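As a plain string of letters, each chain reads:
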2 protein chains.
Amino acid sequence: MNTPARPDDIPTYEAVAQASRVLNGKAHRTPILTSRTFDELTGASVFFKPENLQRSGSFKFRGAYNAIAHLGDEERRRGVLAYSSGNHAQGIALAGQLQGVETAIVMPNNAPAVKLAATAGYGAEIIRYDPAATTREALATEIGAERGSTIIPSYDHPHVIAGQGTAGVELFEDAGPLDVLLVCLGGGGLLSGCALAAGALSPGCRVVGVEPAAADDAARSFRSGTLHTVHNPDTIADGARTPFLGRYTFHTVLDLASDIVTVTDDELIDAMGFLWERMKLVVEPTGALATAALLTGKVKAPGQRVGVLISGGNLDVKPLLRGVGR
Amino acid sequence: MNTPARPDDIPTYEAVAQASRVLNGKAHRTPILTSRTFDELTGASVFFKPENLQRSGSFKFRGAYNAIAHLGDEERRRGVLAYSSGNHAQGIALAGQLQGVETAIVMPNNAPAVKLAATAGYGAEIIRYDPAATTREALATEIGAERGSTIIPSYDHPHVIAGQGTAGVELFEDAGPLDVLLVCLGGGGLLSGCALAAGALSPGCRVVGVEPAAADDAARSFRSGTLHTVHNPDTIADGARTPFLGRYTFHTVLDLASDIVTVTDDELIDAMGFLWERMKLVVEPTGALATAALLTGKVKAPGQRVGVLISGGNLDVKPLLRGVGR
């Protein structure tokens, strides 16, 4: 692939502001957290936005809720379909449940039981498939056509991007203008939405995406101006294993982001160690990407006001807890 | 031992109210958290008070700060001594640092490196000893006499009890009156302080202590009316391995608590699983005691308003994180 065509309906800040009104009282307004120790370690004044405390355990609830809220009556009746083995699945399932819209999620047979259970627990129908026999995109398209249901993609959709941007809106509203905003980066939905928020609410703020080193498709796309792809990257940051930016997110990220940096899995584990041990927050590997960029010094911001988005906290902790007290 | 003599200066609610004024702006006012899922599982309306988010990682900061704030000028100059390998050590070290009072902590040679590092990080002098050769009480008494420093015990002290009670004050102020309050129980400082708060702010509220089954000295003391002792209990709840209630806490607990229940280590691990996985909170085993009592049904409160104190979140997570993504 080279440069994807620019869609006509790329979202603007107005869409993000409207999503904030839609989500008001529906999504949690997650707090802003600070850590004296983290500030000493990095030399910056850091404001964490912990979306692991969001409903469904990640920011994905925001975009999912906003997208479902924009459906017409006929679309609502026919239901929503999504394909995801991760946080988008849980976000769609809960957002559908709260808005009285039936949801079905296409998930691979080998998806972790804990994620299947959480998604089913929010009332979604789970459609399992054999990843060796078909792709989820093909299956979702087939089922969507059969049922007439609306497919809501996990990142490349104007209402999804606008919804994710509300996390950035709240961060700027509650912490004030920032010099730098660091955002976890997989498919680019959160980064795109937050960049739109920054442009309107904190002009001049540098917006930097942080990606796993093994899944650096967006960093390479950003540097080259053409779309790069990484399939099945080997990283513990499962939420950032998306193979490429989408049509909407490619253009928004290239237009608005200041930089994209990468961190290794070992650096992610160190950042998780800080967040878990010092801030008492259960954060999943993907959720620690932005924190890791600052902790490693890959992004330096001495004396600056820095926002750090924590994207989510969904991981299976039970195997880890077997080690407690041993 | 039988019944310890009742001290003349047992703290009252007035001491707790005064401690709230002392701690205002010094301790974090930790939030009140709720979980729809936990309410569904237990049938109650539950208000969590997460003191793992308190400064130094546990409620112990409250009592430590209040006790140091009550020292006279001469005592402040001579410094403070404490013996603890756990959360009291970190609470005293940070409270001393913030109030410009030197602190020394007597800790066993075999204390976990992570706890030594955290305590030293707050500026305390660490005095290590060989637990095979002497007891920490004997060593602390000797060093205290030599230096003229004031020993602040980890629970059996009026100002410490009053300080811990401020967590209960905040819970009642922010959540409103409760039918039941569940409190983690080791030496009884937190339970005593919270029982005083309940008596004044939520009369009729049942106050229940929760102890590890292997360290049920307080449960047996409560039932028999005489002091029972359990030395070196085998439980992962290291903060509740205290061998007995103190003079102040024995009488306050027997006077004011409604009941004491126990939970097993396996039940603690389950409760930690809920708090980590669903609420994204890193809680240490002792911190999950009260949650476990409700989750197991050992305390039943259908349709009632229940407060659950989470005492702390200090544990070494780095070994656990080695299992992430594997």
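The structure this text deals with has already been given above.
Below is a summary of the structure that appears in this document.

Cut-off values and rules
- Residues numbered from 1 in each chain as written.
- Chains lettered and ligands numbered in written order.
- Predicted model: local features only at pLDDT ≥ 70, side-chain atom pairs only at ≥ 80, totals over all residues.
- Heavy atoms only, no water.
- Helix = DSSP H or I, 4+ residues; strand = E, 2+ residues; numbered from the N terminus.
- Rg over C-alpha atoms; globule rule 2.2 N^0.38 Å.
- Buried < 20%, exposed > 50% of the residue type's maximum accessible area, 1.4 Å probe, protein only.
- Contact = heavy atoms within 4.5 Å.
- Areas by Shrake-Rupley, 256 points an atom, 1.4 Å probe, with all protein chains shown as cover.
- Salt bridge = Lys/Arg side-chain N within 4 Å of Asp/Glu carboxyl O.
- Pairing = 2+ DSSP bridges.
- Phe/Tyr/Trp six-rings, centres within 6.5 Å; stacked < 30°, edge-to-face > 60°.
- Lys NZ or Arg CZ within 6 Å of the ring centre and 35° of its normal.
- Arc of directions from axis to C-beta.
- Buried area = accessible area lost by both parts, 1.4 Å probe.
- Polar contact = N/O pair within 3.5 Å; in protein donor to acceptor, adjacent residues only side chain to side chain.
- Least-squares fit on C-alpha atoms with pLDDT ≥ 70 in both.

## Comments concerning the overall build of chain A
Across its full length, chain A carries 14 helices and 9 strands. A compact globule built from 326 residues should have a C-alpha radius of gyration of about 20 Å, and chain A, at 19 Å, falls within 12% of that. Seen through its C-alpha atoms, chain A measures out along the principal axes to roughly 55 × 55 × 40 Å. Residues classed as buried in chain A amount to 59% of the 326 residues present. Taking all contacts inside chain A whose residues are at least 6 apart in sequence as the whole, residues at least 24 apart take part in 72%. On chain A, roughly 12300 Å² of surface is accessible, and the fraction owed to carbon and sulfur atoms is 47%.

## Let's talk about the pattern of salt bridges
All names here are of chain A. Summed over all chains, the structure comprises 28 salt bridges over all chains. A salt bridge links Glu14 to Arg21, with the shortest nitrogen-to-oxygen separation between them at 3.3 Å. Connected through salt bridges with shared partners, the residues Lys49, Glu51, Arg62 and Glu170 form a single ionic network.

## Quick look at the sheet that holds strand 5 (residues 150-151) of chain A
Residues and elements named next belong to chain A. Taken together, the 4 strands give an open sheet; going across it, the order is 4-3-2-5, and neighbouring strands pair in parallel fashion. Bordering the open sheet on either side are strand 4 (125-129) and strand 5, each of which pairs with just one other strand. Taken together, the 2 bridges between strand 2 (residues 80-83) and strand 5 define a ladder with parallel strand orientation. Across the sheet, residue Val80 finds its bridge partner in strand 5, namely Thr150.

## Quick notes on the packing of aromatic side chains
Under the criterion given, the structure shown has 7 aromatic pairs over all chains. Ring geometry for Phe61 of chain B and Tyr65 of chain B: centres 5.6 Å apart, planes at 50 degrees, overall tilted. With Phe61 of chain B and Tyr65 of chain B both in helix 3 (residues 60-69) and 4 residues apart, the pair spans about one turn of that helix. On the accessibility criterion, Phe61 of chain B (0% relative accessible area) is buried. The structure contains a cluster of three or more aromatic residues connected by ring pairs, namely Phe38, Phe48 and Phe274 of chain A. Over the ring of Tyr248 of chain A we find Arg247 of chain A, and its NZ or CZ is 5.4 Å from the ring centre.

## Let's talk about helix 6 (residues 113-121) of chain A
In an α-helix, one full turn covers 3.6 residues, which means residues spaced three or four apart are oriented alike. Residue and element names in this part refer to chain A. Regarding helix 6, the residues found buried are Lys115, Leu116, Ala118 and Thr119. Projected down its long axis, helix 6 shows its buried positions confined to an angular sector of 165 degrees, all on one face. When the buried face of helix 6 is taken as reference, the exposed residues oriented beyond 90 degrees from it are Ala113, Ala117 and Gly121. If you follow the buried residues of helix 6, they end up packed against helix 5 (87-99), strand 3 (103-108) and strand 4. Among the residues trailing helix 6, Gly123 stands out with phi positive, at a value near 95 degrees.

## Topic: the interface of chain A and chain B
Taken together, the contact between chain A and chain B spans 33 residues of the former and 33 residues of the latter. Together, the buried faces of chain A and chain B total about 2600 Å²; carbon and sulfur atoms form 64% of this surface. On the chain A side of the contact with chain B, Glu277, Lys280 and Leu321 of chain A bury the most area, a combined 28% of that side's loss. Glu277 of chain A is the partner of Lys318 of chain B in a salt bridge, and the nearest nitrogen-oxygen pair spans 3.1 Å. Counting every contact that joins chain A to chain B gives 10 residue pairs in polar contact (both at pLDDT 80 or more).

## Focus on the relation of the copies chain A and chain B
When chain A is fitted onto chain B, the two copies agree to an RMSD of 0.0 Å after a turn of 180 degrees and an axial shift of 0.0 Å. The superposition of one copy onto the other is thereby described by a two-fold rotation axis. With an isologous cut-off of 70% or more, the 100% of interface residues of chain A that recur at the interface of chain B puts this contact in the isologous class.

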